[in-house]
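This is what each chain is made of:
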Amino acid sequence: MGNSYAGQLKTTRFEEVLHNSIEASLRSNNLVPRPIFSQLYLEAEQQLSSLEAGSRADNEEEEEEEEEESSESSSPVSYQMKPPPEGCCTTDGFCQAGKDLRLVSISNEHIEVPSGFLLVGAKSPNLPDHLLVCAVDKRFLPDDNGRNALLGFSGNCVGCGKKGFCYFTEFSNHINLKLTTQPKKQKHLKYYLVRNAQGALTKGSVICWKGAEFRGRQSSPSTCSSTLFQLPESSGLSGSTSSELLPAANPGAPAGAPQTAAAIDHIPSTAAFSSAVYNGKESPKQQLVKNNLSALTRPSVLGTLTNSGPPKKRHKGWSPESPSSTETWNLQLNPQAPNRIKNDGGSLSSLPHSALVGPASSPMVGSGEPVSVPDNLLKICKAKPVIFKGHGNFPYLCGNINDVIVSPLLYTCYRNSQSLSRAYEQYGTSTIQPISEEMQLLLTVYYLVQLASDQVPLIEDLEQIFMRSWRESHLSEIRQYQQAVPQTFPQVPSQVAPVTSAQLPWLAGLAASSCNDSVHIIECSYSLAEGLSEMFKLLIEGKLIKTNYVVIICASRNRAIDSCIVITGKYQARVLSESMLTPSDYQKEVNYQLVTGKVEGLGSFFNTLCPEGDIDLLLEKFYQENQGHISSSLSASVTKPTALNGMGAAACTSYEIERHQIRPFQLAVAQKLLSHICSIADSSTQNLDLGSFEKIDFLICVPPSEVTYQQTLFHLWHSGILLELGLEKEHLTKQRVEQYVMKLDAEAQIKFKVFLQNSMQNPHTLFVLIHDHAHWDLMSAMHSIYPQTELSTGLVDRLLNCREVKEAPNIVTLHVTSFPYALQTQHTHISPYNEIHWPSSYNNGVDLYHENKKYFGLSEFIESTLSGHSIPLLRYDSSFEAMVMALGKRFPRLHSAVIRTFVLIQHYSAAMMAVCGLSQMKNYTSVETLEITQNLINSSRQCPSGHGLMVVLRIPCTPLAAVAYERLYNVRERLALEDNFEIILGNPNSGITIGKHFVEQLKVWQKIEDVDWRPQTYLELEGLPCILIFSGMDPQGESLPRSLRYCDLRLINSSSLVRTTLEQELGLAAYFVSSEIHTEKAVVNDVLESDPEKLSSTDNEDEEIATEGSTAEKRSPMKRERSHSHDSASSSLSSKASITAFCSESSPALTAAGDTAKSPHQVLSNNAEETTNNHERQKQKVDKGAQTTTSKHLPLVTEQLDMKQNIKSAQISITSSSSSPFSSSSSSSAPTHNSFILQTSQCSMTKASKQPPIVFLPKLVYDIITSTDSSGLPKSSSLLPYHSVMWASSFRPLMSKMMTCTEQSLYYRQWTVPKPNHMDYNNRNEGRMDTFHPRRLLLSGPPQNVSSGNKEKSQHHLTSCLWTISMCSVNHHCLAAHSLKTTAVIGKTGAYLQFLSILSRMLIRLTEVDVYDEEEINNNIKEESDQYYHQPEDMWPDLETFKKMPFDYTIHDPKYEDASLICSKLQTINSEDRSTSRRQEDMYTRRQTTRMRLSKYAAYNTYHHCEQCHQYMGFNPRYQLYESTLHAFAFSYSMLGEEIQLHFIIPKSKEHHFVFSQPGRQLESMRLPLVTDKSEDYIKSPTFTPTTGRHEHGLFNLYHAMDGASHLHVLVVKEYEMAIYKKYWPNHIMLVLPSIFNSAGVGAAHFLIKELSYHNLELERNRQEELGIKPQDIWPFIVISDDSCVMWNAVEVDCSGDRKSDYTWTERNVSLKQILQHIEATPNVTHYALIGMRKWSSKTNSAEIKEAFSCCHVHDFIMLNVDLTQNVQYNQNRFTCDDVDFNLRVHSAGLLICRFNHFSVMKKQIAVGGQRSFHIKSKVSDTAVSVSPAQYICAPDSKHTFLAAPAQLLLEKYLQYHSHRFFPLSLKNYSHPVLSVDCYLNLGPQIAVCYVSSRPHSLNISSSGLTFSGLLLYLCDSFVVASFLKKFHFLKGATLCVICQDRNSLRQTVVRLELEDEWQFRLRDEFQTANAKEDRPLFFLTGRHI
């Protein structure tokens, strides 16, 4: 049986019934069948090429496999496979001999094929993505007709070469198919394998097993009813043949392969039933080109796949020579098809005209007799029925199949929703059942029943219903498994009993019984063929006229249900069929109908409606009769404003240009963008090195719209950004500005190439590539099938995603869009962290930005439709919709876009005629169109300057837009309105063309004197009364002026329902209004524009005065209900010539009744009493029959007039045609109201500034926009976000109204995937977790297409006063200010231009640094002398001369401004010369700094990452840290009494600077050069930089400062900071101090540096002495540098003047290398102990430079001779002033200190680390309570709070701030300083000290004549003796302070120095630092001189 040939099976009635019975028994609902489409939740990873030789039988095989797996899982007896022999291979894809059989593995190998054998591909159920290669005798394979295959099997294994397999069962075991069902060759041998052009083995056509196909048709539930051939948006598939497509899709196919029209016949796919949005991953994979491709690879197979023979009767459309029209549909869903071709518009897929009318049957599974489609079906039914295949089998269709359309969308939805439970498999919920087929169908019926007659089913709705139903039925299980709680109780059965197949028809009929036959149920007992035949019969007989949906169910107890749903409603069927067109094919279809004249019937029909015959004749007659009258009145009305302007009496002020300014919103967005840029730069990935850029350049890419291009140029020009960035000079030309904006058209590549070249040539310029309107073209460049048809297709992908942009380190890409959804998919290039969303203006009710403008967007438009608002701004026109629907039935073959356009043109034409006096034409237009037209024509008359309003008429289809323009233009000419308003055809590809008269008007308004000026943007049409016919399939970023009053979107493509499209169209009306004005109140006042005829043009019986959002209205019983209708003709358009309305004092009951049919203008209060309570008004008495302006829209001015009477009933009749069409009132018979209207008329721009435009929508779109889900989320938000993406799964959570922009982004990133034609489709990097581009950002914000001017608050803070002001204004002043720059001011354009500005400023700031800029202190104390020891031009000091120079004891460094003055002789210093003591923290904040531009020789911190110093910094290209080793280095120091052990961290790259012992690699010494060494590229002195707390900010990168020279740089760090410094500076040598110095100050670091260096000098002398080098030849200098030294300068002196004393000098920045090499080259350099330089100051004067060298203190950056200073040590205990102390020690030792005055060092202000890292706080409490310096000391043994700080620090700080307590006589007594022995301690700025050394032979000042006011003995050693102290004289009462380590040594010192002889001590004068005993406090004793 395994080898039986299924083709021999007889299809008798008995066998069919038996077969169905067996299958039904195998199908069980008790267990979940294992889903075959495992890819549902996975990504399709195969590429386009794998489709090359596909065939539709691919689908059949999947159908069979699923059927098998389903039966496998439910069958009680499974196939028992023979166990494999022991030791053999059992791996899937390999044979038992272990050889690989997978096609992907052996496709390129040579395979020996015996004669008569063919290579075929076998499918293994365990490897669904692979084919196994087999060699099979072709005699056992079928021929092209599916016949003549021998029974049995003969095959060979191509892996191991084993031959002679005679049974397929045996062979399947050998190749490890591991089947659980009976092996059959028909099931598992699927494809012929062929060699392609490259010689690789590929999948060829399907093996045509007729029996398998037949059985599949009978029983498989998974078949698809139609091909899902989705074409790219740009494809433009030709209707004639598929030859254009196929070579592109399959380049390997033979060129001459036969192609048939059937191969591309009807190709549906839609997102509703009305718009094709595929919600599961599976569905797009089903959209295959396989039928076409198989036609190329194996044409003979295609022709016979479904036609092994003709049907019993020949049917029309079938012929033996050509494949059946039905074969195209014989496709099975293929889950792994990778070639998902784009469905643009989310609607059913692209097809040509011929495809629309082509064959459309879909016999996925043929069963029984075919169903014949009746002839003339379209003619009889007036629409093509759309058949949605549901469950189970579907019959053949034949006959007139052109008149039906079959879609698989519902089938796909069913399939996806049955896979819902897969998401919970991780929890082991095998017991959770998917929703049953019966329940799916029943829920579908429920859904269809509740649809209104004008609604179209949406697939999203149905998916949500299935999801909700499934969730509710398994709620407890879902919660249980989501919480991961083990199931301890047995499964609880669902409370609702499952629906059985027997109950289904009855329940469905019961559900449909309440819908007035809108849904008709047909039950059939045998197959769907019966039901379809009956349905066709009922259609022909006209019995389904009221029926919109026919549900056909074939259900029986013993087998699964079959079902389909037929859309028979004319409106629904039309929408669904049209939704199957892509935008390009939609345009082609419309163009075809226009070109072929199919629309002529419409024109003749319109003519029959007009009682007077042809409308054109009526127009001509009117023109002839009224030509003279109209032209004269018109010229008067037109010239009048001009005359007034000339006189200056009544000029409109609405053109007050506002100053360009940045809005708070924009600044916030720009700062957020900058923050993200900085985050990228600060990340460790080093993708952006901001520090390496010096300037900004940019390029703005815009869609190929000429208006958008000019608009962007305009904003760029006026923003001033080009001048600010320094890109252009003062005199800008338009040609220069154009270099920075690129239109994405055919010429874009040239400009972009220049941009790329600039970026490569300027590596130090940061280029910002701004992609504005970024959602516009997302087509993949690789996937563009028709590059020749649309050159711009895929251009964004080709340019912005090119390799050069991605890899350029200096290009940042910024995508800017209002609709970012398509850029937020699973494969997006943009990181979620790089998204910037427009900020919310309010947070918890707090106004964050204090904007005086409120954004009015989609949500606000929707809110205006709610009851409680005055007039809804979102409306539909039911009269228009009714007429369109009626004409749609009359002209079923015309596209609805054609019908809608022609109807709307007719309405506008009739409205214009009616306004001009042809009152009978009011019957042939709608109320809404009449309102628009009246306000348009009258608007310019309400302003003295002639300003008017704009009407945007959106016609996406360009040919239709041209027709509309031509027709309206002609009507306007005939009515002599050509000077009243303009009609503009807005084509994206061309500029703006308007008449000369209107150009002149605009020039006057905008004060333009340029003769050749023409408006180039819509913004420049501000105030121009016009109809703008806005064409193009999508808006491309064009902004509209604020004079836009009406946005007519009635013609947008309502079948293309995706979120981006809908929001983009509605975004045209997005608006900023003044936030001080309540919008719902201001909206009512639009009535002032209205004509009374328009206002009375409905036949509502009961209407009242519209109130201004009154409280009465809000108290009404319907206060928050949605208005019943928002179409002004909901009461239906009256066909009477006289249209009347009543304003009556009605009863509440009547009011409520009338409200059910009210217009959007009629938001009425429920009774007159409530209105009167809220607004007192007079009753207005009007005689019946009088012509008045009172209407339901009576303006609110009536409230201001304090009218006390209620309005009596008044009948209002229309104006007679003899009235002047341009008079200001309806008739002269109502003078009161005439003057009333004249008084209140005002410029339309005034009203425009206070309220958003009014938007008209198609009814279908209106319903979707205004309907919300349970959370309040508009339904439009849950639509598929974009055409070229699809839902990753049906199993996705619903969006929430509370979602933020970020949460929405994350939602789309998780649940949407790009289609193959999306540019992000191939963005998958294997082996990397993320595919984000590091330098790509996305800015999204709401659409802001309508600009609005800025107004002062004082002008609009009282809404109620506005109308009074305007009425009383004699000159009719407009209350609005105007700016043509408002879009740049308000929107995203201004935000990103501001971002460029602050980014540029930040880059400049990054290249600048704050350096200390302070004048030297104590210059007045310096000895003034005319003697100069050196000449200004001397390069080096002369040693002998230098020795004669006196040492300047005075400190001149400004950082020691608070330090004690050092006296060198008797000095007289005024007390005011010394500043009072400053607070410690003020020292850093109050020091003067200046901002300096970093030079190329600067030192940098860790944030600098340029390419040159990557290696220096220790970051290699793989971002791995350099290896380093830790070395101990010990030496003994007698003063410490112990051995010092230091540790070096030495990177591998720096080991050459050290000497290691050979056997053990122990560190021996640091190499030192020789004094005689000379090298241009080498610095001899090792540099040591002590640092703490500045691992990020310390300036340790000396690469540029050293100009690349080799040098040795050592960081000296504390042990606890070692790790963090090593992390940031991995390639630096580090000297780690012992742990005992963790709390020490800088003195300890200096001490150890010096001692280590001297010890190393000794080691090097010993080492090199062995090499014959003298010890004195070893280089003895080291450099000790602060970690804040940033740049170095040199003074160049020019002494070329006439006199020797004349000289000039300049200072310039030089490299540290130059300075060090210069100093190192000093003659006799080794005789100097310390060499330093000046601290830079901008205030340096010539006197300081004149002496080239000084003998004085040196700080911050010194060269230390460790040899000469061997016996002079730094004080290791010091925290402050240790360098001053050391300088004094060195000088007193008789050593030379030289300062090079021609060199200076700049010190950067660093706000962290250094001395500020020491915080003094209480040891007891952890709270950071500040402790005053007075508490730093205490009496010994007291209960004082101890402090957690080193004793030495407490001492130094106390003496700095409170030394006057110890030395009261010394305060400001500078002539009597304190004598300080062997040390310098800072006693504060008001006390002077005199330093003396106790060392023998030391140099001290002459103390003769000096009397000291105090004596300071600090830790004095044995050199201090009593006799030494007795040399000095002290004032009487002078004080003594002795400081020692402990109390014992304190007493010993007093005794040893015989202090009690001259000093008096008291017990209470003993103190200690406030340290605990374990912290070793310092003790000091004070005494008074006797």
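### Concerning the overall build of the chain
Right, so step 1: Broken down by element type, the chain carries 60 helices and 56 strands.
Right, so step 2: With 1986 residues in all, the chain has 62% of them scored as buried.
Right, so step 3: In the chain, the proportion of contacts linking residues at least 24 apart, taken out of those at least 6 apart, comes to 79%.
Right, so step 4: As presented, the chain carries roughly 76000 Å² of accessible surface, and 52% of it is formed by carbon and sulfur atoms.

### Some thoughts on the nonpolar core
Right, so step 1: Among the nonpolar cores identified, the biggest contains 171 residues, and Phe1544, Trp1688, Leu1913 and Leu1955 are the most heavily contacted of them.
Right, so step 2: Broken down by element, the residue count for this core peaks at eight residues, all from helix α54 (residues 1642–1665).
Right, so step 3: Leaving out residues up to four positions away in the same chain, Trp1688 has contacts with Tyr1497, Ala1499, Ala1601, Arg1708, Asn1709, Val1710, Leu1712, Ile1715, Met1733, Phe1757, Ser1800 and Val1801.
Right, so step 4: By size, the runner-up hydrophobic cluster in this structure holds 150 residues, among which are Val519, Leu594, Val999 and Leu1024.

### Focus on the environment of Leu131
Right, so step 1: With respect to the element layout, Leu131 can be found in strand β2 (residues 127–137).
Right, so step 2: The spacing of Leu131 and Leu101 is 30 residues in sequence and 8.1 Å in space, taken between C-alpha atoms.
Right, so step 3: The residues touching Leu131, leaving out its near neighbours within four places in the chain, are Leu101, Arg102, Leu103, Gly121, Ala122, Lys123, Tyr191, Leu193 and Lys203.

### Topic: helix α27 (residues 748–761)
Right, so step 1: End to end, α27 covers 20 Å across 14 residues, agreeing with the expected 20 Å (1.5 Å per residue, within 8%).
Right, so step 2: All of the buried residues along α27 are Ala748, Phe752, Phe755, Leu756 and Ser759. In an axial view of α27, the angular spread of the buried residues amounts to 95 degrees, which keeps them on one side of the axis. When the buried face of α27 is taken as reference, the exposed residues oriented beyond 90 degrees from it are Ile750, Lys753, Met760 and Gln761.
Right, so step 3: At its buried positions, α27 is contacted by β13 (695–702), β14 (741–743), β15 (765–772), α28 (795–800), α29 (803–807) and β16 (811–817).

### Digging into the sheet that holds strand β17 (residues 835–837)
Right, so step 1: Here we have six strands laid out as an open sheet, ordered β14-β13-β15-β16-β32-β17, and parallel in their pairing. At either margin of the open sheet sits one strand with a lone partner, and together these are β14 and β17. With direction set aside, neighbouring strand axes in the sheet form an average angle of 20 degrees.
Right, so step 2: Alignment of β17 against strand β32 (residues 1336–1340), held across three bridges, turns out to be parallel. Looking at β32, one finds that Ile836 is bridged to Leu1339.
Right, so step 3: Sitting on the sheet, helix α49 (residues 1388–1406) is in contact with β13, β15, β16 and β32, with an inclination near 170 degrees to β15.

### Considering the side chain of Ser1893
Right, so step 1: With respect to the helices, strands and loops of the structure, Ser1893 is situated in the loop between β52 (1888–1892) and β53 (1907–1914).
Right, so step 2: Residues contacting Ser1893, with those up to four places away along its chain left out, are Ser1788, Asp1878, Ser1898, Asn1900 and Phe1924.

### Concerning the packing of helix α13 (residues 409–418) against helix α14 (residues 437–449)
Right, so step 1: With their axes 11 Å apart at the nearest point, α13 and α14 run at an angle of 130 degrees to one another. What the angle tells us is that α13 and α14 run oblique. Two packed elements cross with a definite hand, and for α13 against α14 that hand is right-handed. Of the residues in α14, those touching α13 at Tyr414, Ser417 and Gln418 are Glu437, Gln440, Leu441 and Thr444.

### Here we look at helix α23 (residues 664–682)
Right, so step 1: With 19 residues, α23 should cover 27 Å at 1.5 Å per step; its first-to-last C-alpha distance of 26 Å lies within 8% of that length.
Right, so step 2: Turning to α23, its buried residues number three or more, namely Phe665, Gln666, Ala668, Val669, Ala670, Leu673, Leu674, His676, Ile677, Ile680 and Ala681.

### Some words on the pattern of salt bridges
Right, so step 1: Tallied over the entire structure, the rule returns 61 salt bridges.
Right, so step 2: Between Arg1661 and Glu1658 there is a salt bridge; the shortest N-O distance is 3.7 Å. Linking Arg1661 with Glu1658, this pair stays in helix α54, spanning three residues, or about one helical turn.
Right, so step 3: Salt-bridge contacts for Asp1965 lead to Arg1962; the nearest nitrogen and oxygen are separated by 3.1 Å.

### Remarks on the sheet that holds strand β11 (residues 549–556)
Right, so step 1: Taken in spatial order, the five strands of this open sheet run β9-β7-β12-β11-β10, and their pairing is mixed. Each end of this open sheet is capped by a strand with a single partner; those strands are β9 (405–407) and β10 (519–524). Between one strand axis and the next, the sheet turns by 20 degrees as a mean value, whatever way the strands run.
Right, so step 2: Contacts from helix α18 (residues 528–541) reach β7 (386–389), β10, β11 and β12 (559–567) within the one sheet, and its direction differs from that of β10 by about 140 degrees.

### Brief notes about the pairing of β13
Right, so step 1: The buried fraction of β13 is high, at seven of eight residues.
Right, so step 2: Pairing between β13 and β15: seven bridges, direction parallel. Of the residues in β15, the one forming a bridge with Asp697 is Phe767.
Right, so step 3: Here β13 pairs with β14 via three bridges, running parallel. Bridged to Cys701 within β14 is Met742.

### Re the environment of Ala1498
Right, so step 1: In this fold, Ala1498 is placed in the loop between β35 (1489–1493) and α52 (1510–1513).
Right, so step 2: Placed 189 residues apart in sequence, Ala1498 and Met1687 show a C-alpha to C-alpha distance of 4.9 Å.
Right, so step 3: Setting aside anything within four residues of it in sequence, one finds Ala1498 in contact with Asn1597, His1600, Ala1601, Val1686 and Met1687.

### Some thoughts on the packing of aromatic side chains
Right, so step 1: One pass over the structure, following the stated rule, counts 41 aromatic pairs.
Right, so step 2: Between Phe1749 and Phe1796 the ring centres are 5.0 Å apart and the planes differ by 90 degrees, which places this aromatic pair in the edge-to-face class. Placement of the pair is Phe1749 in strand β47 (residues 1749–1750) and Phe1796 in strand β49 (residues 1793–1803), with a sequence separation of 47 residues.
Right, so step 3: Take Phe1749: its relative accessible area is 1%, and that puts it in the buried class.

### Things to note about the packing of helix α21 (residues 600–609) against helix α31 (residues 878–890)
Right, so step 1: One way to put it is that α21 packs onto α31 with a least axis distance of 12 Å and a crossing angle of 125 degrees. Judged by the angle between their axes, α21 and α31 are oblique. Like other packed secondary-structure pairs, α21 and α31 cross with a definite hand, here right-handed. Contacts from Leu602, Phe605, Phe606 and Leu609 of α21 reach α31 at Met883, Leu887 and Arg890.
Right, so step 2: Within the contact of α21 with α31, the residues separate by chemical class into six nonpolar, no polar and one charged.

### Thoughts on the side chain of Gln906
Right, so step 1: Within the secondary structure, Gln906 is located in helix α32 (residues 896–915).
Right, so step 2: A relative accessible area of 9% places Gln906 in the buried class.

### What about the confidence of the model for the chain?
Right, so step 1: The share of residues in the chain with pLDDT of 70 or more is 69%, and the mean pLDDT across the chain is 75.
Right, so step 2: Taken together, the stretch residues 784–790 has pLDDT below 50 and engages in 13 contacts with residues farther than four places along the chain or on a different chain.
Right, so step 3: Across residues 1348–1385, where pLDDT falls below 50, the model places 109 contacts with residues more than four positions away in sequence or in other chains.

### What about unusual backbone geometry?
Right, so step 1: In this structure, Asp1603 is a non-glycine residue whose phi angle is positive, near 55 degrees.
Right, so step 2: By secondary structure assignment, the location of Asp1603 is in the loop between β40 (1583–1586) and β41 (1609–1613).
Right, so step 3: Using a relative accessible area of 42% as the deciding quantity, one classes Asp1603 as partly exposed.

### Digging into the pairing of strand β25 (residues 1044–1048)
Right, so step 1: Among the five residues that make up β25, five are buried, leaving the element largely enclosed by the rest of the structure.
Right, so step 2: Pairing between strand β22 (residues 950–955) and β25: four bridges, direction parallel. The residue of β25 that forms the bridge with Met950 is Leu1044.
Right, so step 3: Inspection of the sheet shows β25 paired to strand β29 (residues 1254–1257) by three bridges, in the parallel sense. Counterpart to Tyr1046 in the pairing with β29 is Ile1254.

### Describing the environment of His771
Right, so step 1: Counting through the fold element by element, His771 comes out in strand β15.
Right, so step 2: A C-alpha to C-alpha distance of 4.7 Å links His771 and His815, two positions 44 residues apart in sequence.
Right, so step 3: Apart from the residues lying within four places of it in its own chain, the contact partners of His771 are Cys701, Leu744, Val796, Leu800, Leu814, His815 and Val816.

### Brief notes about the state of the cysteines
Right, so step 1: Taken as a whole and judged by the stated rule, the model has zero disulfides.
Right, so step 2: Sulfur of Cys1463: no disulfide; nearest cysteine sulfur belongs to Cys1890 and is 6.6 Å away.
Right, so step 3: Judged by relative accessible area, Cys1463 falls into the buried class, the value being 1%.

About the criteria used
Residues numbered from 1 in each chain as written. Predicted model: local features only at pLDDT ≥ 70, side-chain atom pairs only at ≥ 80, totals over all residues. Heavy atoms only, no water. Helix = DSSP H or I, 4+ residues; strand = E, 2+ residues; numbered from the N terminus. Buried < 20%, exposed > 50% of the residue type's maximum accessible area, 1.4 Å probe, protein only. Contact = heavy atoms within 4.5 Å. Areas by Shrake-Rupley, 256 points an atom, 1.4 Å probe, with all protein chains shown as cover. Core = buried A, V, L, I, M, F, W, Y, C linked by side-chain atoms within 4.5 Å. Expected span 1.5 Å × (residues − 1). Arc of directions from axis to C-beta. Pairing = 2+ DSSP bridges. Axes fitted to C-alpha atoms, helices over the stretch in contact; angles between N-to-C directions. Parallel < 35°, antiparallel > 145°, perpendicular 65-115°, else oblique. Left-handed = near helix turned anticlockwise from the far one by under 90°. Salt bridge = Lys/Arg side-chain N within 4 Å of Asp/Glu carboxyl O. Phe/Tyr/Trp six-rings, centres within 6.5 Å; stacked < 30°, edge-to-face > 60°. Nonpolar A, V, L, I, M, F, W, Y, C, P; charged D, E, K, R; others polar. pLDDT = per-residue confidence, 0-100. Disulfide = S-S within 2.5 Å.

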